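Observations on chain architecture
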Amino acid sequence: MRQHKGFTLVELVVVIALTGIMIAVAAPRFANGDIFETRGDAGLLSSTLRYAQKTAIAQRRKVYVIHNDVVQPNTISLCFDPNCGVGQVVINPETAGAYVLTFSRSVLVQSSNKALGFDGLGRADPSSVVATYSVTNKKNTLQSVGISVEANTGYIH
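From a predicted model like this one, the values you see are computed outputs, not experimental measurements. (Residues numbered from 1 in each chain as written. Predicted model: local features only at pLDDT ≥ 70, side-chain atom pairs only at ≥ 80, totals over all residues. Heavy atoms only, no water.)

**Let's talk about the packing of aromatic side chains**
Aromatic ring pairs: the centre-centre distance and the angle between the two ring planes describe each pair. One pass over the structure, following the stated rule, counts one aromatic pair. Judged by centre distance (5.2 Å) and plane angle (20°), the rings of Tyr51 and Tyr99 are stacked. Within this pair, whereas Tyr51 is found in helix H2 (residues 34–59), its partner Tyr99 is found in the loop between strand E2 (75–79) and strand E3 (100–102), the two being separated by 48 residues in sequence. Since its relative accessible area comes to 26%, Tyr51 is described here as partly exposed. The positively charged end of Arg61 is found above the aromatic ring belonging to Phe80, 3.9 Å away from the centroid. (Phe/Tyr/Trp six-rings, centres within 6.5 Å; stacked < 30°, edge-to-face > 60°. Helix = DSSP H or I, 4+ residues; strand = E, 2+ residues; numbered from the N terminus. Buried < 20%, exposed > 50% of the residue type's maximum accessible area, 1.4 Å probe, protein only. Lys NZ or Arg CZ within 6 Å of the ring centre and 35° of its normal.)

And the structure:
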């Protein structure tokens, strides 16, 4: 009786399938996901700014976007008062608590105006200056996304 050396077709298919599954699971861990976090947090910031603007229009009163790294690092809060006093917070419809946006640890958020406000018509307050926000990745500073709020119209882009 002759013995054949080699692998059967079934063995080869199983090995190829297992290798494909292992690559599909392991490859994303080696890929750099920092840009996704940066863009995701920039999208959340843009949505928060729009929510503040729409809340100001709906409530017909000023809503302030507070960026205070001293009190709560890497967060944005929405309030009806620039000092964010008790009872003056905007309610988050998801959590029924105070609206606070916390960014991931791998990004740094900088703003030109620490207390940007929107009036009852949705205009930016103070209306004399364009407010800018920058969401930058801490590991790779080339990965940065800018958001601007137009001075007179409150247009967010």
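The structure having been displayed, the exposition proceeds.
**Re the pattern of salt bridges**
Here the idea is simple: oppositely charged side chains can pair when their charged atoms come close. Per the stated rule, a full pass over the model turns up two salt bridges. The partner of Asp119 in a salt bridge is Arg123, and the shortest N-O contact between them spans 2.9 Å. (Salt bridge = Lys/Arg side-chain N within 4 Å of Asp/Glu carboxyl O.)

**Remarks on the confidence of the model for the protein**
In this model, the protein carries a mean pLDDT of 86, and residues with pLDDT of at least 70 account for 93%. Averaged pLDDT values over the elements of the protein bottom out at 86 in strand E6 (residues 124–125) and peak at 92 in strand E1 (residues 63–66). (pLDDT = per-residue confidence, 0-100.)

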